[in-house]
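Chain and residue survey
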Amino acid sequence: MPKAMQYTKGSIIYFEGDREERIFIMQQGTVLLSSTDIESGMPVAEQVKPGEFFGVKSALGHFAREETATALVPTIAVALTVQEFETLFSNNKALIMKMLRVFSNQLRQIHKKTESTLNKISEDQRTGMLTVAKSFYDEEKYRSACDVYLKFLTRYPNCAEKSEVSRLFADAKLRKEKMEARNGRPASFDNSEDTSTSNASLKVFELPAFERFAKTYEPDQVIISEYEPGDCFYLIQSGKVQLVKCVNGSSKNLDILKPGEFFGEMAILDNSPRSATCMAIGNVKCLEFNKENFELLITGNPQMALLLLKLFCKRIYDQKRRYRILVVKDLQAKIADVFLMLNEMNPVANEAEKQRRFNVTISDLAHWAGLSSEVTRDEVNKMVAQRKIEVYDTYIVVNNILDMKRIYDTRASARQA
């Protein structure tokens, strides 16, 4: 049962870094949430007022608290378990839509900060789509370039650029066909390992009624393009989907999504252009839901709404973690923090074992760190010379993960230099 908790003035409800899974609703009083800004290192404060929730993201995402919660005056807050919150959330349509929009906006703001840190130039939707298509063309991903050019022509059939874009599309299509003739058609990867619907997030959508929403995609096919208007979102039923962002004319891998995960939902909630390109890895089957039936769909399927909310919690946390790396000024500390992030993403059974193997390349490290391959290689070579890491063609071995923590901690002050 939810429990009303009384706190005296100055009481700490929870500390930053705590790991516990209670969610609170303010009933009476005022709570201050205090944290540290990732970029500036300055303190950040936010007040919670009666009727508002706090502690939601860390509880649903199962990660450490990101802020300290302090009662500013005598306060009463109702503490709920995750299960109790889910029951309340599922039965409140207004709450569902409000929280989804709040979290969507938070994620959008982190994306904007990341783009600013990477010196990504803001572009209008039409110019942006053409930039995305050109980045795929320059990287000889002609199938993907064709898809984006075709989406552009479909979205803007009477645009002034129609003739030139049609020419670029025809050229990319010809190059794609030549490449396929030379190398064979793109492999239809076996996704049998991903087709199981035992995943709880997929069971909701096993009913035949959902089959009318099904769409299939071929290897490297662009499902949605960065910058295009957002009018639908997707649930992956089988296969994997790669999220890519165009940064300064080249595509950067953001994430790989698996069956049971959603994508494209942000644009639905805040009426904004797509923030990333989503491409099929091998053969992919998705359920496609449009903007018109979105609210009806999630409020009629509470489990789906909860999945979306938990997804936002995870993505906000992940994006903040990646952003923390980008704002580190010291290059060695930046590379060390990439290894620490990879270690957090890939926990080991035996924590006493300090050696770690990560299936990444120098190019991958450069992407996470927001550096050029040349600069990254120079910093990696310093670590190799110090025998802290070993670099191979497809993986990197960190001889002692605690060395990465020491490098990061001893150079931490350089973050704000």
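Attention here is on the structure that accompanies the text. All values reported here derive from a predicted model rather than from experimental measurement.

End to end, helix α11 (residues 331–345) covers 21 Å across 15 residues, agreeing with the expected 21 Å (1.5 Å per residue, within 8%). Of all 15 residues in α11, twelve are buried, a share of seventy percent or more. Of all the residues in α11, the buried ones are Gln332, Ala333, Lys334, Ile335, Ala336, Asp337, Val338, Phe339, Leu340, Met341, Leu342 and Asn343.

Here we come to the packing of aromatic side chains. Taken as a whole, this structure holds 14 aromatic pairs when the rule is applied. Ring centres of tyrosine 137 and tyrosine 142 lie 5.4 Å apart, and the angle between their planes is 75 degrees; this geometry places the pair in the edge-to-face category. Classification of tyrosine 142 as buried rests on a relative accessible area of 8%. Between phenylalanine 233 and phenylalanine 289 the ring centres are 5.5 Å apart and the planes differ by 40 degrees, which places this aromatic pair in the tilted class. Here the residue phenylalanine 233 occupies a position in strand β11 (residues 232–247), and phenylalanine 289 occupies one in strand β14 (residues 277–290), the gap between them amounting to 56 residues.

Inspection of the secondary structure puts serine 11 in the loop between β1 (3–7) and β2 (12–14). At 2.7 Å, the side chain of serine 11 forms a polar contact with the side chain of threonine 8. Excluding residues that lie within four positions of it along the chain, serine 11 makes contacts with Ala69, Thr70 and Ala71.

Attention now moves to the packing of helix α9 (residues 291–300) against helix α10 (residues 302–326). Between α9 and α10, whose axes approach to 5 Å, the crossing angle comes to 105 degrees. In terms of their interaxial angle, α9 and α10 are classed as roughly perpendicular. Between α9 and α10, the residues in contact are Phe294, Leu297, Ile298, Thr299 and Gly300 and Pro302, Met304, Ala305 and Leu308, respectively. Of the residues belonging to the contact of α9 with α10, the class tally is seven nonpolar, two polar and no charged.

A word on the environment of alanine 145. Mapped onto the fold, alanine 145 is located in helix α5 (residues 142–155). It is 6.8 Å that separates the C-alpha atoms of alanine 145 and lysine 134, two residues lying eleven residues apart in sequence. The residues touching alanine 145, leaving out its near neighbours within four places in the chain, are Ala133, Phe136, Tyr137 and Ala172.

Where α5 meets helix α6 (residues 162–183), the closest approach of the two axes is 8 Å, and the angle between their N-to-C directions is 155 degrees. On the basis of their axis angle, the class for α5 and α6 is roughly antiparallel. Here α5 runs over α6; the crossing is left-handed. Side by side, α5 and α6 meet where Tyr142, Arg143, Ala145, Cys146, Tyr149, Leu150, Phe152 and Leu153 of the first sit next to Lys162, Val165, Ser166, Leu168, Phe169, Ala172, Lys173, Arg175, Lys176 and Met179 of the second. Grouping the amino acids of the contact of α5 with α6 by side-chain chemistry returns twelve nonpolar, one polar and five charged.

Here glutamine 221 lies in the loop between β9 (214–217) and β10 (222–224). Not counting residues within four places of it along the chain, the set of residues in contact with glutamine 221 comprises Arg143, Asp147, Cys278, Met279 and Ala280.

Core analysis: the largest hydrophobic core is formed by 37 residues, its most contacted members being Phe89 and Ile298. Elements that contribute at least two residues to this core include exactly α1 (56–61), α2 (82–90), α3 (93–117), β11, α8 (265–270), β14, α9 and α10. When residues of this core are assigned to their parent elements, the largest contribution, nine residues, is made by α10. Residues within four places of phenylalanine 89 in sequence aside, it is in contact with Leu95, Ile96, Met99, Ala305, Leu306 and Leu309. Of all hydrophobic cores here, the second largest spans 26 residues; its members include Phe339, Leu342, Val380 and Tyr408.

It is worth spelling out α6 at this point. Because the α-helix completes a turn every 3.6 residues, residues three or four places apart line up on one side. In this model α6 runs 31 Å from its N-terminal to its C-terminal C-alpha over 22 residues, within 8% of the 32 Å that 1.5 Å per residue would give. Val165, Ala172, Lys176 and Glu180 are the residues of α6 that are buried. Looking straight down α6, one finds its buried side chains confined to an arc of 75 degrees; they lie on one side. Relative to its buried face, α6 has exposed residues pointing more than 90 degrees away, namely Ser163, Lys178, Ala181 and Arg182. Its buried side turned inward, α6 meets α4 (125–138) and α5.

All right, on to the sheet that holds β1 then. Strand order in the open sheet formed by four strands is β1-β8-β3-β6, and the pairing between neighbours is antiparallel. Taken across any chain shown, the strands that pair with only one partner, and hence form the sheet edges, are β1 and β6 (53–54). Relative to strand β8 (residues 75–80), strand β3 (residues 23–28) runs antiparallel, the two sharing five bridges. Paired with phenylalanine 24 across the bridge in β8 is alanine 79.

Calculation rules
- Residues numbered from 1 in each chain as written.
- Predicted model: local features only at pLDDT ≥ 70, side-chain atom pairs only at ≥ 80, totals over all residues.
- Heavy atoms only, no water.
- Helix = DSSP H or I, 4+ residues; strand = E, 2+ residues; numbered from the N terminus.
- Expected span 1.5 Å × (residues − 1).
- Buried < 20%, exposed > 50% of the residue type's maximum accessible area, 1.4 Å probe, protein only.
- Phe/Tyr/Trp six-rings, centres within 6.5 Å; stacked < 30°, edge-to-face > 60°.
- Polar contact = N/O pair within 3.5 Å; in protein donor to acceptor, adjacent residues only side chain to side chain.
- Contact = heavy atoms within 4.5 Å.
- Axes fitted to C-alpha atoms, helices over the stretch in contact; angles between N-to-C directions.
- Parallel < 35°, antiparallel > 145°, perpendicular 65-115°, else oblique.
- Nonpolar A, V, L, I, M, F, W, Y, C, P; charged D, E, K, R; others polar.
- Left-handed = near helix turned anticlockwise from the far one by under 90°.
- Core = buried A, V, L, I, M, F, W, Y, C linked by side-chain atoms within 4.5 Å.
- Arc of directions from axis to C-beta.
- Pairing = 2+ DSSP bridges.

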